[in-house]
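Survey of secondary and tertiary structure
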Amino acid sequence: MREITLSKAVNEAIAEEMRRDPTVFLMGEDVAEAGTPFKVLAGLVDEFGTERVIDTPISEPGFVGMAVGAALTGSRPIVDLMFGDFIFLVMDQLCNQAAKACYMSGGKLNVPMVLRTNLGATRRSAAQHSQSLHALVAHIPGLKVAMPSSAYEAKGLMKTAIRDNNPVVIFEDKLMYQDKAPVPEGEYLIPFGKANIKREGTDITLIGVSSMVQVAEKAADLLAKDGISAEVIDPRTIVPLDEETILASVRKTSRAIVIDEGHQSYGITGEIASRITEKAFYHLDAPVLRMGAMDVPVPFSPALEDLTVPTPEAVADRARAAVRGELFHAA
Amino acid sequence: MPHEVIMPALGMAQDSGVLVAWLKAPGDPVKAGDALMEVETDKATMEVEAAHDGYLTDLCATEGEAVPVGNVVAMISETPEGSGTPAPAADDTPAAAAPAADALPEGRQIIMPALGMAQDSALIVGWSVAPGDKVGVDDVLLEVETDKSTMEVPAGHDGYLAAVLAAEGEDVPVGEVIAIISDTKPDAPVQRSRADTPVPAPSDKAETPAKEAPAASASAPPKPSPKPAPIAAAGDRILASPKARFLAAQEGLDLARLVAHGVPQPFHVSDLDTLRALPTDAPGAAAAPAATAAAQRITADLPADAFAAFTAWLADEGVSGDAALASFAAAALRGASGTEGAVAVDRPGSDPVVFAPQPGQPMGALAPADAAPALVLRDLRRTAIRSMALGAEAVPVPSLTTDGDRLCLTLEGRLHPAHAIAMIDAIAARLTDPLRHIL
């Protein structure tokens, strides 16, 4: 199978959907001529023109509000938020308007909008351009949240997001745009709320989204050398969350670590760990561990920045302690 | 009897309020709860309600005037004419002495402040200043607790705490005078509680708090203790993972048998294999499971003179040798296995004495404790016993015997072999060189 970059996969997904459905259009800062700072959308304006690939002024609340309005009146906008950090600017448009329109209209209104944005630290972009804020929107009922972990995932999840009749926020990891993965030529969709068991194992379950899936897989490689068999699960979407697959895995392995690049406190690691503890308590042989990003603004110093996010080595260390029953005194 | 209307404290750091407007005219009848006046602080403008029924009289503050908190601005009298003797309002004159019934020191009256909007009383958690002591304007005078939070209340004035009129644990209505701060050091500072005193004027105001007060003081919670709860002694409860516990219950396995065999807690699923492999206790032998268990036996040999000299010195200092033995054993157990626990010193012919030494606790401060021992140190030095093989017990039992000028330390019990060796080595080292323990 051919291998393409995550960036190319997103580009293909959007192009295919724009060809299929004339109501789909793209809007955001530097999406047309520049094709975004990450060049993800390069070339789309040549095929679809400036009517459907619209460069906006630097005004996130304005153009996200416009997208909500366009979605309410029959279009299917894909609105591009250049950095996930800018999501703070569009909280009302996203959380008060888009997320609630369907509910408050008794189902008469829909907001088939995709907000595509990114997350991820270790790009030396400092504290205001390095955050992973998916937990913030996952908290709001009415928003779906997709977290692609590879080029294959990015394409399939984007196409599903565009066809969804509800607002979807997609967080791509900005460090993975150049990562290649096998992606089929033909069309495929990845359903929401269906986790992907990336690797089967028997001793511990490692749950991660986005780039943390790679971290979990590398940790599983390290653990295999010690004879510890780790199962790696990629939930793919955190809203809706495929609880059943996670619980079935933990019932099998009796142990779990939830890994995320968002800040650990009050984040998705706590949410997923808590659901495991509530629903698989009597199957647990070790405390469920959370490994999120350090609770600090992401440092600009490369040496410090690299310390703030979970690494395969750190995950493997904690996993060994869990499997060996050594967490009691460490806690 | 007329009641004073004072400028209330509506905020924490407020020392005066601007009387924006009178909402009643002099001589008007008022009922408790009626809005009397509008007051503006740096934070907000609020209406102040009357606390009593009567007639508004003796107004001594005018609209637009900034009045220090606690100063009298009017009276609520039984007749529309009033008393004709309004309390002085001037800032520099301390509020007049308390109403006649009670002789209170002169000074500024400190009232229970309103710390929340919908709060009608607050509990005094504790006074931070003793009666008669000097206080500064920003010093914390007391700590109060409302239904929302606990807060420190600053004195608000420089001076001396001349009177404390409500005790810790008492629930006091907002606006009631709780203390008096005088300019000069009081000769005889007053200290009393609301419960045992027919407090002046404000006490017969709002009914609800008055009714609540006795109940509140009767069941007054003590000041929250900063001391953490003691850690439950190991042995109170078996520590095991949810899955290990669930599987054990399902298979009818008794985790207590793992405890009896000295397997370190918490138990995980892997420990159930050990449990399944344990020989089944014969009927009737349950009382002595240790008898069938393989005994663990370690013996250490060491010179006796250093410890003898040490205990002689301790005796001069009034410290018992048992406290030293318990301290040594507890520290060795802690160092070897990380287990925190009490130590029983058991000597034939007398009851075992249990000590629970904490890390760093001086031996002289050790007193016999009432705790389940994690280890029993059997002192057989005054017996003729030279060696033993009694088999494992519920907890590890090191025994101390003598042989001429040598001491012999024998461990029986089930500990992890590495822990057992480390512990006996550590006790022996301490007995050989007791000063090391103190260091």
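None of the values given here were measured: they were computed from a predicted structure. (Residues numbered from 1 in each chain as written. Chains lettered and ligands numbered in written order. Predicted model: local features only at pLDDT ≥ 70, side-chain atom pairs only at ≥ 80, totals over all residues. Heavy atoms only, no water.)

1. Thoughts on the sheet that holds strand β20 (residues 353–355) of chain B
Hydrogen bonding along the main chain pairs the strands of a sheet, whether they run parallel or antiparallel. Residues and elements named next belong to chain B. Overall, mixed pairing links the six strands, which are arranged β18-β23-β22-β21-β19-β20 in an open sheet. Two strands bound the open sheet, and with one partner strand each, they are β18 (297–303) and β20. Neighbour-to-neighbour, the strand axes of the sheet open up by a mean angle of 20 degrees, direction not taken into account. Of the pairings in the sheet, the one linking strand β19 (residues 342–346) to strand β21 (residues 373–379) comprises five bridges and is parallel in character. Paired with valine 345 across the bridge in β21 is leucine 377. (Pairing = 2+ DSSP bridges. Helix = DSSP H or I, 4+ residues; strand = E, 2+ residues; numbered from the N terminus. Axes fitted to C-alpha atoms, helices over the stretch in contact; angles between N-to-C directions.)

2. Let's talk about the pairing of β19 of chain B
Residue and element names in this part refer to chain B. Among the five residues of β19, four are classified as buried, and the element is accordingly described as predominantly covered. Sheet topology places β19 next to β20; three bridges connect them, and they run antiparallel. If you follow alanine 344 over to β20, its bridge partner there is valine 354. Between the antiparallel neighbours β19 and β20 lie six residues, among them glycine 349 with a positive phi of about 90 degrees. (Buried < 20%, exposed > 50% of the residue type's maximum accessible area, 1.4 Å probe, protein only.)

3. Concerning the packing of aromatic side chains
Each aromatic ring pair is specified by the distance between its two centres and by the angle formed by the two planes. Residues and elements named next belong to chain A. For the structure on display, the rule yields nine aromatic pairs over all chains. A ring pair is formed by tyrosine 152 and tyrosine 188, whose centres lie 4.5 Å apart and whose planes are at 5 degrees; its orientation type is stacked. Remark: tyrosine 188 occurs in the loop between β8 (180–182) and β9 (196–199) and tyrosine 152 occurs in helix α7 (residues 151–163); sequence separation between them is 36 residues. Taken together, the aromatic side chains of Phe38, Phe83, Phe86 and Tyr177 make up a single cluster linked through ring pairs. (Phe/Tyr/Trp six-rings, centres within 6.5 Å; stacked < 30°, edge-to-face > 60°.)

4. Topic: a nonpolar patch on the surface
A cluster of nonpolar side chains, contributed by Met294, Val296, Leu304 and Leu307 of chain A, occupies part of the molecular surface with about 360 Å² of accessible area. Tracing the chain through its elements places leucine 307 of chain A in the loop between α11 (302–305) and α12 (312–323). (Patch = residues over 30% accessible without salt bridge, like charges linked within 9 Å, V, L, I, M, F, W, Y side chains within 5 Å. Areas by Shrake-Rupley, 256 points an atom, 1.4 Å probe, with all protein chains shown as cover. Salt bridge = Lys/Arg side-chain N within 4 Å of Asp/Glu carboxyl O.)

5. Focus: the interface of chain A and chain B
Taken together, the contact between chain A and chain B spans 10 residues of the former and nine residues of the latter. Where chain A abuts chain B, roughly 840 Å² becomes buried across the two surfaces, and 62% of that area is made up of carbon and sulfur atoms. Three residues, Tyr282, Asp285 and Phe328 of chain A, lead the burial of chain A against chain B; their summed loss comes to 56% of the area buried on that side. For the interface between chain A and chain B, the tally reads zero salt bridges. Joining chain A to chain B, the criterion identifies five residue pairs in polar contact (both at pLDDT 80 or more). Classifying every residue of the side of chain A that touches chain B by side-chain character gives four nonpolar, three polar and three charged. (Contact = heavy atoms within 4.5 Å. Buried area = accessible area lost by both parts, 1.4 Å probe. Polar contact = N/O pair within 3.5 Å; in protein donor to acceptor, adjacent residues only side chain to side chain. Nonpolar A, V, L, I, M, F, W, Y, C, P; charged D, E, K, R; others polar.)

6. Thoughts on unusual backbone geometry
The omega torsion across valine 239 of chain A and proline 240 of chain A is -5 degrees, close enough to zero to call that bond cis. Considering the arrangement of structural elements, one finds proline 240 of chain A in the loop between β12 (237–239) and α9 (243–253). Residue proline 266 of chain B is reached from glutamine 265 of chain B by a cis peptide bond, and omega for that bond is 0 degrees. When you line up the elements, proline 266 of chain B lands in the loop between α3 (255–260) and α4 (269–277). One non-glycine residue, arginine 236 of chain A, lies in positive phi territory at about 70 degrees. Tracing the backbone through its elements, the reader meets arginine 236 of chain A in the loop between β11 (230–234) and β12.

7. Focus on the nonpolar core
In this structure, Ile14, Val53, Ile87, Leu94, Met113 and Ile276 of chain A are the most contacted members of the largest nonpolar core, which totals 87 residues. If one sorts the elements of this core by residue count, helix α1 (residues 6–20) of chain A sits on top with seven residues. Both of domain 1 (3–182) and domain 2 (196–323) of chain A provide at least three residues apiece to this core. Apart from residues lying up to four places away in sequence, isoleucine 87 of chain A is in contact with Leu81, Leu94, Leu115, Leu133, Leu136, Val137, Val169 and Phe171 of chain A. Counting 38 residues, the second largest nonpolar core, distinct from the first, contains Phe328, Phe355, Ala426 and Leu431 of chain B. (Core = buried A, V, L, I, M, F, W, Y, C linked by side-chain atoms within 4.5 Å. Domains from an automatic or database assignment.)

8. Looking at the environment of glycine 82 of chain B
Residues and elements named next belong to chain B. Turning to its location among the elements, glycine 82 is positioned in the loop between β8 (72–77) and β9 (108–111). According to the relative accessible area criterion, glycine 82 is partly exposed, its value standing at 24%. Residues glycine 82 and leucine 59, spaced 23 residues apart in sequence, show a C-alpha to C-alpha distance of 9.7 Å. Glycine 82 has contacts with Thr57, Asp58 and Ser77, leaving out every residue within four places of it along the chain.

Worth remembering: the numbers are spatial, not functional.
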